[in-house]
Amino acid sequence: MKQSAAPFDPAGQAAREDEQPSPSAGWQHALRDAFRTPRDLIAFLQLDPGSVSALDGATDFSMLVPRSFVARMRKGDPHDPLLRQVLPDSSERETVPGFDRDPLAEMRFASDGVIRKYSGRALLIATGACPVHCRYCFRRHFPYAEQLASRQRWSRAIATLRDEPELTEVILSGGDPLTLTDDAIMELVRAVEEMENVHTLRLHSRFPIMIPERVDRQLLKVLTGTRLRIVMVVHCNHPNEIDGAVQSALLELKAATAQLLNQSVLLHRVNDNEEDLAQLSEKLFDAGVLPYYLHLLDPVAGTAHFDVTEARAKALIASLRRRLPGYLVPRLVREVPGEPSKTVIL
Ligand SMILES: *Cc1c(COP(=O)(O)O)cnc(C)c1O
Ligand code: SF4
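Only a predicted model underlies this, so the values are computations on that prediction, with no experimental measurement involved. (Residues numbered from 1 in each chain as written. Chains lettered and ligands numbered in written order. Predicted model: local features only at pLDDT ≥ 70, side-chain atom pairs only at ≥ 80, totals over all residues. Heavy atoms only, no water.)

## Notes on the pairing of strand β5 (residues 200-205)
And step 1. Burial analysis of β5 places 6 of its 6 residues in the buried class, which makes it a mostly covered element.
And step 2. Bridge count between strand β4 (residues 169-173) and β5: 4 bridges; the pairing is parallel. Opposite L172, over in β5, you have L203 as the bridge partner.
And step 3. Handedness of the crossover joining β4 and β5 through helix α9 (residues 182-193): right-handed.
And step 4. Both β5 and strand β6 (residues 229-235) contribute to a ladder of 6 bridges, which runs parallel. Residue pairing across strands places T200 opposite R229, the latter belonging to β6. (Buried < 20%, exposed > 50% of the residue type's maximum accessible area, 1.4 Å probe, protein only. Helix = DSSP H or I, 4+ residues; strand = E, 2+ residues; numbered from the N terminus. Pairing = 2+ DSSP bridges. Right-handed = clockwise from strand over helix to strand, strands pointing away.)

Here it is in C-alpha cells:
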C-alpha cells in the first residue's frame, strides 16, 4: 500500500522506530488490533454492503478504526454517525472546486515539524500517526514525511523555539501526540520545561475518545510531574462517542490537567443538528470537559460530502445559545489562511 511508508501509518510506527515501547501496553495492542479494511468493518457491523458506498481498495488515506470505537456504533445502521466519520466513502474520489490539498496553507508556515501561525504559540507536529483516520481530516494530505518532528529532528525544532522570548505555549499536535510512548512524551515535556518563558504545554489528542485505555497511570504521571500547566484538548464530535470508559478516562485527565477542553468539527450527517450538539456539550460536561471550538470544515480535497454551510452552522449555534448555558456553547470558528487567529463566526 502506498500509504505504508508515510508517517500517517497507524500503530505508532513513528514511536516504534525510535525505541522499544514497554511490551504491549493495552493501548498499543488496541492500535494493532484496529479495523483496516471497509470489508471487515462492514461485516462486523452486519451491514448490507449495498447500503453503504464504501471505497474498498486503493486510497491515499488508509482506513484505521479501533475496535473500542466500533463498539459504540449501532450494528446494522449504515447511517451511524460514528461510522460515517471513519468509513472511506466513494465521494472522497470526487473533485470539488474549492476543496484543495492544503487549504490552510500550512506548508507556508511549517518548518522542522513546527507550525508557527499565531503569536505566543507554536505547534509541534510530534508524530504523524493517529489512533484513527478521520475521513474529514484537514491534514490528510499533509506531507508528514517532510515535516515530521521525528525524535532526531525534535532537538532542532526545539532549539529554534528556545530562542523565541515571546513564546509562552507549546502545542503538541500531529497526528496525535499520544501515539508516542510515555517515555517519548516525557522527553518532550523535559525539553519544553527548559524554555524559560513557556508556562503552558497543550496536547491535542483524539486518543482519550478513541482508545480510552491510553489514559493510564504512567501517562497521568507524566502530565502531573511537570512545572508546566497542561492543557488537554480532546476531539469528540458526537455524544455517542462518550461511553463509560471514555467518561472515566476524561475525568482522570480532568484531575491531572489545568484545563480539559474539546474541539469538534461540524460534519454533515454526523452532528449537524441541534439535538446531537446539545447532548454532546452536556455529556462532555458530565465528563469534566468544556466545549472549546466547533470548527467549520476546512475545504480539503476528498471531504466535500461533510460540508455544512456557514448559514446552517450559525443557525445551529444560535439554537444552542438559547438552549444551553453559555459555557456549554462552543465557539464556531473557521481557519482563514493568513489571519492572526482562528476566525470566530458570530
Ligand atoms: C489552531 C492552532 C493553534 C491554536 O490556536 P488557539 O486559538 O490558541 O487554540 C496554534 N497553531 C496552529 C498552527 C493552529 O492551527
Ligand atoms: S482529525 Fe485528528 S485524529 Fe483524526 S485523522 Fe486527523 S489528525 Fe488524526
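## Thoughts on the packing of helix α13 (residues 274-286) against helix α14 (residues 310-323)
And step 1. Viewed as axis vectors pointing N to C, α13 and α14 meet at an angle of 50°, and their least axial separation amounts to 10 Å. Taken as axis vectors, α13 and α14 run oblique relative to one another. With respect to the hand of their crossing, α13 and α14 are arranged in right-handed fashion. Between α13 and α14, the contacting residues are E274, E275, L277 and A278 on the first element and L316, S319, L320 and R323 on the second. (Axes fitted to C-alpha atoms, helices over the stretch in contact; angles between N-to-C directions. Parallel < 35°, antiparallel > 145°, perpendicular 65-115°, else oblique. Left-handed = near helix turned anticlockwise from the far one by under 90°. Contact = heavy atoms within 4.5 Å.)

## Looking at the side chain of T257
And step 1. Checked against the element boundaries, T257 lands in the loop between α12 (244-256) and β7 (259-265).
And step 2. Among the polar contacts listed, one links the side chain of T257 to the backbone oxygen of L253, at a separation of 2.8 Å.
And step 3. Among residues more than four places away in sequence, those in contact with T257 are L223, I230 and M232. (Polar contact = N/O pair within 3.5 Å; in protein donor to acceptor, adjacent residues only side chain to side chain.)

## Examining the packing of aromatic side chains
And step 1. According to the stated counting rule, one finds 5 aromatic pairs in the structure shown.
And step 2. Between F35 and F44, the ring centres sit 5.3 Å apart and the planes meet at 55°, which makes this aromatic pair tilted.
And step 3. Residue F35 is classed as buried on the basis of its relative accessible area, which comes to 5%.
And step 4. Both rings, one in F285 and one in Y327, keep their centres 5.5 Å apart while their planes meet at 50°; by these two values the pair is tilted. (Phe/Tyr/Trp six-rings, centres within 6.5 Å; stacked < 30°, edge-to-face > 60°.)

## Re the packing of α9 against helix α11 (residues 217-224)
And step 1. Running from N to C, α9 and α11 point in directions that differ by 0°, and their axes come no closer than 10 Å. One element, α9, and the other, α11, form an angle in the roughly parallel class. Residues D182, D183, I185, M186 and V189 of α9 form the contact with α11, whose own contacting residues are Q218, L219 and V222.

## Some remarks on the sheet that holds β6
Working definition: the strands of a sheet are paired by backbone hydrogen bonds and lie parallel or antiparallel to each other.
And step 1. Strands sit in the order β1-β2-β3-β4-β5-β6-β7-β8-β9-β10 across an open sheet of 10 strands; the sheet is mixed. Each end of this open sheet is capped by a strand with a single partner; those strands are β1 (110-111) and β10 (343-344).

## Looking at unusual backbone geometry
And step 1. Put simply, G174 and G175 share a cis peptide bond, and its omega is 15°.
And step 2. Looking at the element boundaries, G175 is found in the loop between β4 and α9.
And step 3. One non-glycine residue, Q46, lies in the positive phi region at around 55°.
And step 4. Position of Q46 among the secondary structure elements: in the loop between α3 (38-44) and α4 (67-70).
And step 5. You will see that R269, though not glycine, has its phi angle at about 60°, which is positive.

## What to know about the site of ligand 1
And step 1. Taken together, the residues surrounding ligand 1 are I115, K117, Y118, R121, L123, I171, R202, Y292, Y293, E335 and K342.
And step 2. Side-chain polar atom of Y293 to an oxygen atom of ligand 1: 2.6 Å apart, as the coordinates give it.
And step 3. One of the side-chain nitrogen or oxygen atoms of K342 is found 2.9 Å away from an oxygen atom of ligand 1.
And step 4. Protein burial of ligand 1: of its 390 Å² of free accessible surface, 92% is covered by the chains.
And step 5. Elements that contribute at least two residues to the shell around ligand 1 include exactly β3 (121-125) and β8 (290-295).
And step 6. Taken together, the residues of the shell around ligand 1 sort by class into 6 nonpolar, no polar and 5 charged. (Near = heavy atom within 4 Å. Areas by Shrake-Rupley, 256 points an atom, 1.4 Å probe, with all protein chains shown as cover. Nonpolar A, V, L, I, M, F, W, Y, C, P; charged D, E, K, R; others polar.)

## Points about the pattern of salt bridges
And step 1. Going through the model one piece at a time under the given rule, you end up with 18 salt bridges.
And step 2. Among the salt bridges present, the one from D182 reaches R214, with a minimum N-O distance of 2.9 Å. Separated by 32 residues along the polypeptide, D182 in helix α9 and R214 in the loop between α10 (207-210) and α11 bring together distant segments of the chain.
And step 3. The exposure class of D182 is buried, given its relative accessible area of 6%.
And step 4. Connected via shared salt-bridge partners are R74, D77 and D80. (Salt bridge = Lys/Arg side-chain N within 4 Å of Asp/Glu carboxyl O.)

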